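Okay, here's what each chain looks like letter by letter:
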Amino acid sequence: MIIKRCENYEQMSLTAADIVKRQVAAKPDCVLGLPTGSSPLGMYEHLIKLYNRGELDFSSVMTFNLDEYIGLDTDHPQSYHQFMEDTFFQQVNLKPGNTHMPKPDETDNLSGCQNYERKIFNAGGIDLQILGIGRNGHIGFNEPGTSFSSQTHVVQLHDETRRANARFFDSKDEVPKAAVTMGIKTIMRARTILLLCSGESKQEALIQLVCSTVDETFPASVLQLHPDVTVLTDKSACVILENKYPFKENELFI
Ligand code: GLP
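Residues numbered from 1 in each chain as written. Predicted model: local features only at pLDDT ≥ 70, side-chain atom pairs only at ≥ 80, totals over all residues. Heavy atoms only, no water.

(A) Fine view of the nonpolar core. Counting residues in hydrophobic clusters, the biggest one holds 40 residues, and the most contacted among them are Met-43, Leu-47 and Phe-88. If you list the elements that add at least two residues to this core, you get helix H1 (9-26), strand S2 (31-34), helix H2 (41-52), helix H3 (80-87), strand S6 (128-131) and strand S9 (192-197). Ranked by size, the runner-up nonpolar core spans 34 residues in total, among them Ile-3, Ile-207, Phe-218 and Val-229. (Core = buried A, V, L, I, M, F, W, Y, C linked by side-chain atoms within 4.5 Å. Buried < 20%, exposed > 50% of the residue type's maximum accessible area, 1.4 Å probe, protein only. Helix = DSSP H or I, 4+ residues; strand = E, 2+ residues; numbered from the N terminus.)

(B) Geometry of the sheet that holds strand S5 (residues 99-100). Strand order in the open sheet formed by 8 strands is S5-S3-S2-S6-S9-S10-S1-S11, and the pairing between neighbours is mixed. Single-partner strands in this sheet number two, and they are S5 and strand S11 (251-253). Pairing of S6 with S9 involves 4 bridges; the strand directions are parallel. Counted as the bridge partner of Ile-130 is Leu-194 from S9. Most of the contacts of helix H7 (residues 203-211) go to strand S10 (residues 229-234), to which it runs at about 155°, and overall it touches strand S1 (2-6), S9 and S10. (Pairing = 2+ DSSP bridges. Contact = heavy atoms within 4.5 Å. Axes fitted to C-alpha atoms, helices over the stretch in contact; angles between N-to-C directions.)

(C) Layout of the site of the ligand. Near the ligand there are 14 residues, and of these Ser-38, Ser-39, Asp-67, Arg-167 and Lys-202 occur at the shortest range. Ser-39 is positioned with one of its side-chain polar atoms (N or O) 2.5 Å from an oxygen atom of the ligand. At a separation of 3.4 Å, a nitrogen atom of the ligand approaches a polar backbone atom of Gly-140. For the ligand, the accessible surface in isolation is 390 Å², of which the surrounding protein chains cover 94%. Looking at side-chain class alone, the shell around the ligand contains 3 nonpolar, 8 polar and 3 charged residues. (Near = heavy atom within 4 Å. Polar contact = N/O pair within 3.5 Å; in protein donor to acceptor, adjacent residues only side chain to side chain. Areas by Shrake-Rupley, 256 points an atom, 1.4 Å probe, with all protein chains shown as cover. Nonpolar A, V, L, I, M, F, W, Y, C, P; charged D, E, K, R; others polar.)

(D) Examining the pairing of S9 more closely. When you tally the buried positions in S9, you get 5 out of 6 residues, the bulk of the element. Pairing analysis gives 5 bridges linking S9 to S10, with the strands arranged parallel. Its bridge partner lying in S10, Cys-197 is registered against Thr-233. You can see the chain leave S9, run along H7 and come back into S10, and the turn it takes is right-handed. (Right-handed = clockwise from strand over helix to strand, strands pointing away.)

(E) Structural context of unusual backbone geometry. With phi around 45°, Glu-249 is a residue other than glycine that occupies positive phi space. Here Glu-249 is to be found in the loop between helix H8 (239-244) and S11. Residue Glu-249 is classed as exposed on the basis of its relative accessible area, which comes to 76%. Of note in this structure, Asn-250 is not a glycine but carries a positive phi near 65°.

(F) Just the packing of H1 against H2, in detail. Direction vectors running N to C along H1 and H2 enclose 55°, while the axes themselves pass 8 Å from each other. Between H1 and H2, the angle is such that the two are oblique. As H1 runs across H2, the sense of the crossing is right-handed. For the pair formed by H1 and H2, the contact residues are Tyr-9, Glu-10, Ser-13, Leu-14, Ala-16, Ala-17, Val-20 and Lys-21 on the first element and Leu-41, Gly-42, Met-43, His-46, Leu-47 and Leu-50 on the second. Of the residues contributing to the contact of H1 with H2, the split by class is 9 nonpolar, 3 polar and 2 charged. (Parallel < 35°, antiparallel > 145°, perpendicular 65-115°, else oblique. Left-handed = near helix turned anticlockwise from the far one by under 90°.)

(G) Representation of the sheet that holds strand S7 (residues 153-156). Taken together, the 3 strands give an open sheet; going across it, the order is S4-S8-S7, and neighbouring strands pair in antiparallel fashion. Whereas interior strands pair on both sides, the edge strands pair on one side only; in this sheet they are strand S4 (67-69) and S7. Averaged over all neighbouring strand pairs, the angle between strand axes comes to 25°, with direction disregarded. Pairing analysis gives 4 bridges linking S7 to strand S8 (residues 178-181), with the strands arranged antiparallel. Note on S8: the bridge partner recorded for Val-154 is Val-180.

(H) Layout of the pattern of salt bridges. Tallied over the entire structure, the rule returns 12 salt bridges. Where Lys-4 meets Glu-251, a salt bridge forms, and the shortest distance between an N and an O atom there is 2.8 Å. Here Glu-251 lies in strand S11 and Lys-4 lies in strand S1, a separation of 247 residues in the sequence. Between Lys-235 and Glu-7 there is a salt bridge, and its shortest N-O distance comes to 3.1 Å. With Lys-235 in the loop between S10 and H8 and Glu-7 in the loop between S1 and H1, this residue pair connects regions lying 228 residues apart in the sequence. What emerges from the salt-bridge pattern is a single network uniting Asp-159, Arg-162, Arg-163 and Lys-172. (Salt bridge = Lys/Arg side-chain N within 4 Å of Asp/Glu carboxyl O.)

Written out as structure tokens, the structure is:
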């Protein structure tokens, strides 16, 4: 695992966009796994700028999103579907048929989730999976306790996660209680993983991600077992970590 300490959120976002740019340049028909949340917003802005400057072409890229709420219409302003349309999809030349969001089939959850796994498999697997991280270590919506062998599945959201996400809704009561998410195994199958972790509120999550025991009580700890993970952080997220492990030229290899 490589941890790169960026000056601030803006630098982290620029660096993330550059990593995506290099991935697309190396493999124009690559498969990207995409997150929602506040962490990747700056990265999406920079990707759009690169596209507008003619430095990035998404015409052959395929995307699979990590997760989606259950119970919100796809055009609900807080659905991840709408978030992705507004924040990214509609502003670059991704082909609509090449973007995918997990959708449980309301009448048969299992087949909707299995179908998503099948689509990822048929696309050749995810080349670059981008992740945020929840304060309780969730990745996607894989809450503490999720099995490391999980594939795309339906989850009940923890209260802490609903509280954290209430900032996007009028109140916590409006935050859906369930979601569909890629599983831990789905994420671990990606060839390369890029995790974005910024801000003071993620200090504890960052230290646990890097050095806690690998177990299901802190889902992101599983990434310690992946052979190709880059964690991009900013200075405010690193305060606790850098006391324990001194960075060398803003990098730490663990
Ligand atoms: C949400 C999403 C995750 C995201 C996490 C962190 O619950 N389902 O995919 O990584 O929260 O979000 P943020 O980047 O806003 O801190």
